[in-house]
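Observations on the model geometry
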Amino acid sequence: ENAFLANYFDDNYFWYRLSPKPSPANFSTTAAYFDALLYGGGDAIPNGGGATWPADRYSGFQSTESFNRFFGDGQTLSYGLAVAGLEVAGQPNAPLYVRYLEPASPAVQAGVVRGDRILSLNGRPASDVIAADDFSALTPNAAGDVLDLVLRSAAGQDRSVRLTATTFSLTPVQSGQVVRSQNGQRVGYVFIKDMISQVGSPLGSVMTNFRSQGIQQLVLDLRYNGGGLVSMGGTVASYGAGNR
């Protein structure tokens, strides 16, 4: 597997000429070898006026099972919540909030609310989690894993919540409503979470409804979209472009 990975990086990796070339034999796990192959930045960009390439923060990997679950079945193994970790990077004393919840997730069923402040994860204070930049507790390894949270509501009330990881269907298209702007225009608003094939049918229905109501503006909310299929991204963009 490590030898395959080395060849794959040489053939496909964006920074293949600049990235490290450690020996596959020196690593006992493919995950460790993957991390060692990533480009760490620092080389001058040609004709860049002295600017240097940043470190690779885009590349990652997952198991075939996880890939097929997400892109094929439109499902995920998860607790169903995401936190505003990027906003507090390097600020351990800053509050850590729940940023997003999957509608069909254990987190929603347990009463977690967007905007709840996380005080601790599995007994570890949020300040320690932020300082270590270690949010791995939010990603289960298997169904049945448990995440214990201490939360503080917007009203200042603290509570403990236990979440059990499970596999559930994603809800990639949400909302899909027509609202009025301040100047009276009809605005179609739709939230698109993941670029997976399951977007197609519900988004088509939403857009048909928008057209029937004669919207004058369109808002595609992609704030929490983690990407996915390029083909589905093209489909989403084509709705915004309209008939040309």
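Let me begin by describing the structure that accompanies this report. Here the residue index of a chain counts from 1 through its sequence in written order. Local features in a predicted model are, by the rule used here, given only for residues with pLDDT of at least 70; side-chain atom pairs are given and counted only at 80 or more, and totals for whole chains, interfaces and linings are based on all residues. Excluding hydrogens and water, the side-chain figures rest on all heavy atoms present in the structure.

**Here's the deal with the overall build of the protein chain**
Within the protein chain, the regular secondary structure consists of seven helices and eleven strands. Its C-alpha atoms give the protein chain principal-axis dimensions of about 60 × 55 × 40 Å. Across the protein chain, every contact between residues at least 6 apart in sequence was considered, and the portion connecting residues at least 24 apart equals 58%. All accessibility values rest on the Shrake-Rupley procedure with a 1.4 Å probe; residue burial counts only the protein chains present in the view. Accessible area for the protein chain stands at about 14,100 Å²; split by element, carbon and sulfur atoms hold 50% of it. His is not counted, nor are the chain ends; Lys and Arg add positive charge and Asp and Glu add negative charge. Throughout, a charge is located at the NZ atom of Lys, the CZ atom of Arg, the CG atom of Asp or the CD atom of Glu. Averaged over its 17 positive side-chain charges, the protein chain has a centre that lies 13 Å from the centre of its 19 negative ones. In DSSP terms, a helix is any run of H or I states spanning at least four residues, a strand is any run of E spanning at least two, and both are numbered starting from the N terminus. Two residues qualify as a contact provided that any one of their heavy atoms is within 4.5 Å of a heavy atom in the partner residue.

**Some thoughts on the nonpolar core**
Proteins that are soluble and globular tend to have nonpolar side chains buried together. Judged by nonpolar contacts, the single largest core of 23 residues is most densely connected at Leu 81, Ile 118 and Leu 163. Put simply, the parts of the chain that give this core at least two residues each are strand E2 (81-83), strand E3 (96-101), strand E4 (117-121), helix H5 (126-132), strand E6 (146-152) and strand E7 (158-164). Not counting chain neighbours up to four residues away, the residues in contact with Leu 163 comprise Tyr 79, Leu 81, Pro 106, Ala 107, Ala 110, Val 112, Asp 145, Val 146, Leu 147 and Leu 149. The next biggest cluster of nonpolar side chains, apart from the first, holds 15 residues, and it includes Val 173, Ile 192, Met 195 and Val 236. Buried Ala, Val, Leu, Ile, Met, Phe, Trp, Tyr and Cys residues that are joined via side-chain atoms within 4.5 Å together make up what is termed a nonpolar core. The rule is simple: take the accessible area with a 1.4 Å probe, protein chains only, and divide by the maximum for that residue type; under 20% is buried, over 50% is exposed, in between is partly exposed.

**Quick notes on helix H2 (residues 30-37)**
Considered for burial, the residues of H2 that qualify are Tyr 33, Phe 34 and Leu 37. Relative to the axis of H2, the buried residues are bounded by an arc of 105° and lie together on one face. Close packing links the buried residues of H2 with helix H1 (2-12). Taking the helix axis as origin, the arc is that swept by the directions to the C-beta atoms.

**A few points about the packing of H1 against H2**
Packed helix pairs are specified by the crossing angle of their axes together with the interaxial distance, meaning the distance between the axes. Where helices are involved, their axes are fitted lines through C-alpha atoms of the stretch in contact, as for all axes, and angles between N-to-C directions lie from 0 to 180°. H2 packs onto H1 with a crossing angle of 25° between their chain directions and a minimal axis gap of 10 Å. Taken together, the axes of H1 and H2 are roughly parallel relative to one another. Considering only the axes of H1 and H2, their crossing is right-handed. Touching Asn 2, Leu 5, Ala 6 and Phe 9 of H1 are Thr 30, Tyr 33, Phe 34 and Leu 37, all from H2. When describing relative orientation, an angle under 35 degrees is termed roughly parallel and one over 145 degrees roughly antiparallel, while 65 to 115 degrees is termed roughly perpendicular and anything else oblique. By the definition used in this description, the sense in which the near helix is turned from the far one sets the handedness, with an anticlockwise turn below a right angle giving left-handed and a clockwise turn giving right-handed.

**Quick notes on the environment of Gln 75**
In this fold, Gln 75 is placed in strand E1 (residues 75-78). Classification of Gln 75 by relative accessible area gives partly exposed; the value is 25%. Sequence separation between Gln 75 and Val 113 is 38 residues; the distance between their C-alpha atoms is 21 Å. Setting aside its immediate chain neighbours within four residues, Gln 75 contacts Arg 69, Phe 70, Thr 167, Phe 168, Ser 169 and Leu 170.

**As for the sheet that holds strand E9 (residues 173-180)**
A sheet is described by the order of its strands in space; here three strands give the open sequence E9-E10-E11, paired in mixed fashion. Two strands lie at the open edges of the sheet, namely E9 and strand E11 (217-221), each paired on one side alone. Averaged over all neighbouring strand pairs, the angle between strand axes comes to 15°, with direction disregarded. In terms of strand pairing, E9 meets strand E10 (residues 186-192) through seven bridges, oriented antiparallel. Bridge pairing links Val 178 to Gly 188 in E10. Strands are labelled as partners when DSSP assigns at least two bridges between them.

**Topic: the packing of helix H6 (residues 200-212) against helix H7 (residues 230-241)**
One way to put it is that H6 packs onto H7 with a least axis distance of 11 Å and a crossing angle of 0°. The orientation of H6 relative to H7 falls into the category roughly parallel. Taken together, the residues of H7 that come into contact with H6 (itself represented by Gly 200, Leu 203, Gly 204 and Met 207) are Met 232, Val 236 and Tyr 239. Within the contact of H6 with H7, the residues separate by chemical class into five nonpolar, two polar and no charged. As a working rule, the residues Ala, Val, Leu, Ile, Met, Phe, Trp, Tyr, Cys and Pro are called nonpolar, Asp, Glu, Lys and Arg charged, and the rest polar, with Gly in that last group.

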